[in-house]
Amino acid sequence: MTTASSADILDDFSNRDFEQIVLCRDPEAGLESVIAVHDTTLGPSLGGVRMRAYPTQADAIADAMNLAQAMTYKAALAGLPLGGGKSVINVDPRVANRDEILVAHAKYIAALGGRYIPGVDMGTSVRDLELIGRHVEVVSSQRGDPSYFTARGVVRSIEVALEASGRSVDGARVAIQGLGNVGLHAARMLAGAGAQVFGADIDPQRVRGAMDEIGITAVDLDEILLSDVDVVAPCAGGGVIDERVIAGMRASILVGAANNMLAHSALARDLRDRGIVHVPDFVANAGGLLAVEAEIHDGEQGLEGRVDAIADTARDILSRAASTDTDSVSVALAMAIEIVEGKRKYRPYFAAAR
């Protein structure tokens, strides 16, 4: 695994136009964390609190930055008045003094005065956000886990990708990597629509549960991305689609919930060259962001319809990519950047809490 360096981080901070990186440390609690605020042009930055043990603190910072930037583009394409942010706590989520660490991290979030709104993410739960909410004025994901809506948007994007190939979900073979909250919801929806679902997870109990409940076909974790299926849907960690996987993929469609699923952005062109239809993750998985934004602004009415509209964005991106012989990531990024740049002069760098 390639690790990030301090020089890489400083270069990225300028080259990717980040507003703010906050390094947080509380030796007494054992906290080492980072809060990344990429852009607040459209509104306060929103992003999940990820709890995970990283090889180095530099790797934790790099992950937070990548995720925060993706959130900026996700919010822009979803039409939301939000910017992109993320925070990561560099510790095993099974740590004994978990609550103490979360409270210490929450106090750093509070010090930003509303520029960063936290939510649930890998390694954290609704309960954790309730705890953070005792110390932070605006917090999302306290009233419920947005995983269902993330999965719904992914399934709508899979439907569009199949549609572009002249097929439907009914009868399609879909391989899901990761059967956590999002992956399991997606498996239920796809199976309910007539798809044949294959699944793999690092936790064998999740696989057995999905087999018993939904009737999925279990596949070895090392083989799931290379399965002989129509659709591959990564729904766990990022960076899983690399050169080796693309060279061996037998699926003709790649759509999933995993953030930053491509090991690097140039791989989008490799997918295009192989004729693999790809809906970018920051488009497909925006349902969760729509859900937490609705919670913040008490706008849950009509939420399912807004999540279903992700299909329209995905269809537009695939159409533009096909007509210009461009990869779908480049098309989606150009669309998102145009939205953000159009309002750049209003960028509220030091806006008061909202």
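Please read all numbers here as calculations on a predicted model, not as lab measurements. (Residues numbered from 1 in each chain as written. Predicted model: local features only at pLDDT ≥ 70, side-chain atom pairs only at ≥ 80, totals over all residues. Heavy atoms only, no water.)

Looking at the pattern of salt bridges
Consideration 1: According to the stated counting rule, one finds 24 salt bridges in the structure shown.
Consideration 2: Across the pair Arg152 and Glu304 runs a salt bridge, and its minimum N-O distance is 3.5 Å. Taken together, the residues Arg152 in helix α5 (residues 147-164) and Glu304 in helix α12 (residues 303-308) connect sequence positions 152 residues apart.
Consideration 3: Taken together, the shared-partner salt bridges in this structure form one network comprising Arg50, Arg52, Asp63, Lys86 and Asp121. (Salt bridge = Lys/Arg side-chain N within 4 Å of Asp/Glu carboxyl O. Helix = DSSP H or I, 4+ residues; strand = E, 2+ residues; numbered from the N terminus.)

Some remarks on the environment of Phe149
Consideration 1: Among the secondary structure elements, Phe149 is positioned in helix α5.
Consideration 2: In this structure the C-alpha to C-alpha distance between Phe149 and Asp308, which are 159 residues apart in sequence, comes to 9.2 Å.
Consideration 3: Apart from the residues lying within four places of it in its own chain, the contact partners of Phe149 are Gly287, Gly288, Ala291, Leu303, Glu304 and Val307. (Contact = heavy atoms within 4.5 Å.)

Considering the sheet that holds strand β11 (residues 277-278)
Consideration 1: The six strands lie next to each other as β8-β7-β6-β9-β10-β11, forming an open sheet whose pairing is parallel. Strands at the two margins of the open sheet, each flanked by one partner only, are β8 (217-218) and β11.
Consideration 2: Alignment of strand β9 (residues 231-234) against strand β10 (residues 253-254), held across two bridges, turns out to be parallel. The partner of Val231 across the bridge, within β10, is Ile253.
Consideration 3: Packed onto the sheet, α5 meets β9, β10 and β11 and runs at close to 155° relative to β9.
Consideration 4: Along the sheet, helix α6 (residues 181-192) contacts β6 (173-177) and β7 (196-200); its crossing angle with β6, the most-contacted strand, is approximately 170°. (Pairing = 2+ DSSP bridges. Axes fitted to C-alpha atoms, helices over the stretch in contact; angles between N-to-C directions.)

Some words on the packing of helix α2 (residues 57-77) against helix α14 (residues 328-341)
Consideration 1: The geometry of α2 relative to α14 is characterised by a closest axis approach of 9 Å and an angle of 80° between their N-to-C directions. With respect to each other, α2 and α14 are oriented roughly perpendicular. Seen from α2, the contacting residues are Thr72, Tyr73, Ala76 and Leu77; seen from α14, they are Ala332, Leu333, Met335, Ala336, Ile337, Ile339 and Val340.
Consideration 2: Among the residues making up the contact of α2 with α14, the classes are represented as 10 nonpolar, one polar and no charged. (Parallel < 35°, antiparallel > 145°, perpendicular 65-115°, else oblique. Nonpolar A, V, L, I, M, F, W, Y, C, P; charged D, E, K, R; others polar.)

Things to note about the nonpolar core
Consideration 1: Counting residues in hydrophobic clusters, the biggest one holds 65 residues, and the most contacted among them are Ile158, Ile176, Leu190, Val255, Val279, Val283 and Leu289.
Consideration 2: A per-element tally of this core places α5 first, with eight residues.
Consideration 3: For Val279, the contacting residues outside a window of four places in its chain are Ser157, Ala161, Leu254, Val255, Ala284, Ala314 and Leu318.
Consideration 4: Grouped together as the second largest cluster of nonpolar side chains are 24 residues, Cys24, Val37, Val91 and Ile101 included. (Core = buried A, V, L, I, M, F, W, Y, C linked by side-chain atoms within 4.5 Å. Buried < 20%, exposed > 50% of the residue type's maximum accessible area, 1.4 Å probe, protein only.)

Structural notes on helix α7 (residues 204-214)
Consideration 1: Of the residues that open α7, the one with a side-chain oxygen 2.9 Å from the backbone nitrogen of Gln205 is Asp203.
Consideration 2: Looking one or two places after α7, you find Gly215, whose phi comes out positive at around 85°. (Polar contact = N/O pair within 3.5 Å; in protein donor to acceptor, adjacent residues only side chain to side chain.)

Points about the packing of helix α13 (residues 310-324) against α14
Consideration 1: Direction vectors running N to C along α13 and α14 enclose 120°, while the axes themselves pass 9 Å from each other. For the pair α13 and α14, the crossing hand works out as right-handed. Within the contact between the two elements, α13 uses Asp316, Ile317, Leu318, Arg320 and Ala321 and α14 uses Ser328, Val331, Ala332 and Met335.
Consideration 2: In terms of residue class, the contact of α13 with α14 is made up of six nonpolar, one polar and two charged. (Left-handed = near helix turned anticlockwise from the far one by under 90°.)

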